[in-house]
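So you can see what is in the structure, the chains are spelled out below.
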Amino acid sequence: MTVRIAPSVLSADLGRLTEQIERAVAGGAEWLHVDVMDGHFVPNLTFGAPLVRALRRVTNLPLDVHLMVERPERYLGEFADAGASVFTFHPEATVHVQRHLATARQLGMLAGLALNPSTPVSLLEEVVHDVDLVLVMSVNPGYGGQSYIPQSTDKIRRSRALLDRHESPALLEVDGGITAATIAEAWGAGADTFVAGTAIFGSPDPAQAIRDLKRHCAVKV
Ligand code: DX5
Ligand code: ZN
């Protein structure tokens, strides 16, 4: 399994975004994570498709869009058109989850489903062949800079087991509180894709911070 790091632009200095992306690329970042928040599904407000469109013009990295919004299906077309590579949403935010996963694929994006800390892994049983990515939230979404919830490790393990049992090739991503101190545990439990905001862009040397995160995944724990 290879490690994939997805720096979250939520924690980047938006006034120097191009430079921050260059640093992430220099450190070996595989993806860029874009946190879309609507002030309803989560209390915070962030950005929308225009930022994805702007990022698409300045980087070739896949854009991993995480929608923390009510009725995310309203934005499927807009994000696909803006150049999103992954469209991940929360099942609590909508009714017809399977339909929206299928639409994301039809629009040429990877279809991702995010599990909040209190959302059961068993939900995946129903849509396992419709997802390209499972996002285990290791914090309650809404803000960067929160601490990794320790029970997330077992949840990652159970998600990995479910995907393996169904022979699903879906990626298993973790988001929230990922640092050099927590990444090895999540990697050891079977995650392959790691979102990190504060640990990368809160560091004076984002490129080195990414290398450090990867180094901690070199050995299985
Ligand atoms: C939290 C977001 C995360 C956030 C992670 O609601 O979904 O993607 O940017 O930030 P850190 O790595 O600082 O916990
Ligand atoms: Zn996120």
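Right, let's walk through the structure included here. (Residues numbered from 1 in each chain as written. Chains lettered and ligands numbered in written order. Predicted model: local features only at pLDDT ≥ 70, side-chain atom pairs only at ≥ 80, totals over all residues. Heavy atoms only, no water.)

### Focus on the packing of aromatic side chains
- Within this structure, the stated rule accounts for 2 aromatic pairs.
- Look at phenylalanine 79 and phenylalanine 87: their rings are 6.3 Å apart centre to centre, the planes differ by 65°, and that puts the pair in the edge-to-face class.
- With relative accessibility at 2%, the residue phenylalanine 79 sits in the buried group.
- Each member of the aromatic cluster is reached from another via a ring pair, and the members are Phe79, Phe87 and Phe89. (Phe/Tyr/Trp six-rings, centres within 6.5 Å; stacked < 30°, edge-to-face > 60°. Buried < 20%, exposed > 50% of the residue type's maximum accessible area, 1.4 Å probe, protein only.)

### A closer look at the nonpolar core
- Counting residues in hydrophobic clusters, the biggest one holds 61 residues, and the most contacted among them are Val34, Phe79, Ile156, Ile178 and Phe194.
- With 4 residues, helix H2 (residues 49-58) is the largest single contributor of residues to this core.
- Not counting the four nearest positions on each side in its chain, isoleucine 178 is found in contact with Tyr148, Ile183, Ala186, Phe194, Val195, Ala196, Ala199 and Leu213.
- Formed by 10 residues, the second largest nonpolar core is a distinct cluster that contains Trp31, Leu133, Met137 and Leu171. (Core = buried A, V, L, I, M, F, W, Y, C linked by side-chain atoms within 4.5 Å. Helix = DSSP H or I, 4+ residues; strand = E, 2+ residues; numbered from the N terminus. Contact = heavy atoms within 4.5 Å.)

### A short note on the pairing of strand S6 (residues 133-137)
- Burial of S6 is extensive: 5 of the 5 residues sit out of reach of the surface.
- Side chains of S6 alternate between two faces, with Leu133, Leu135 and Met137 and Val134 and Val136 buried alike.
- Here 4 bridges tie strand S5 (residues 110-115) to S6, and the two strands are oriented parallel to one another. What sits directly across from leucine 113, in S6, is valine 134.
- Examined bridge by bridge, S6 and strand S7 (residues 171-175) share 5 bridges and lie parallel to one another. (Pairing = 2+ DSSP bridges.)

### Here's the deal with helix H4 (residues 97-106)
- Taken together, the buried positions of H4 are occupied by Val97, His100, Leu101 and Ala104. Within H4, the buried residues cover an arc of 105° as seen down the axis, which keeps them to one side. Every exposed residue of H4 that faces more than 90 degrees away from the buried side is listed here: Arg99 and Gln106.
- Of the surrounding elements, those touching the buried residues of H4 are helix H3 (76-82), strand S4 (86-89) and S5.
- The first or second residue beyond H4 is glycine 108, which carries a positive phi of 90°. (Arc of directions from axis to C-beta.)

### Some details on the site of ligand 1
- For ligand 1, the set of nearby residues contains 20 residues, the closest of which are Asp35, Gly142, Asp175, Gly197 and Thr198.
- In this structure, an oxygen atom belonging to ligand 1 sits 2.8 Å away from a main-chain N or O atom of glycine 177.
- Threonine 198 places a side-chain nitrogen or oxygen 2.4 Å from an oxygen atom of ligand 1.
- Considering ligand 1 on its own, with 380 Å² of exposed area, one finds that the protein chains cover 99% of that surface.
- Given that more than half its atoms are within 2 Å of the pocket grid, ligand 1 belongs to the largest pocket.
- Those elements that place two or more of their residues in the shell around ligand 1 are strand S2 (32-37), strand S3 (63-68) and strand S8 (193-196).
- Looking at which element gives the most residues to the shell around ligand 1, the answer is S2, with 3 residues.
- Tallied by class, the residues present in the shell around ligand 1 amount to 8 nonpolar, 10 polar and 2 charged. (Near = heavy atom within 4 Å. Polar contact = N/O pair within 3.5 Å; in protein donor to acceptor, adjacent residues only side chain to side chain. Areas by Shrake-Rupley, 256 points an atom, 1.4 Å probe, with all protein chains shown as cover. 1 Å grid on protein atoms, 1.4 Å probe; cavity = no way out; pocket = protein on both sides within 12 Å on 5 of 7 lines; lining within 4 Å. Sits in = over half its atoms within 2 Å of the grid points. Nonpolar A, V, L, I, M, F, W, Y, C, P; charged D, E, K, R; others polar.)

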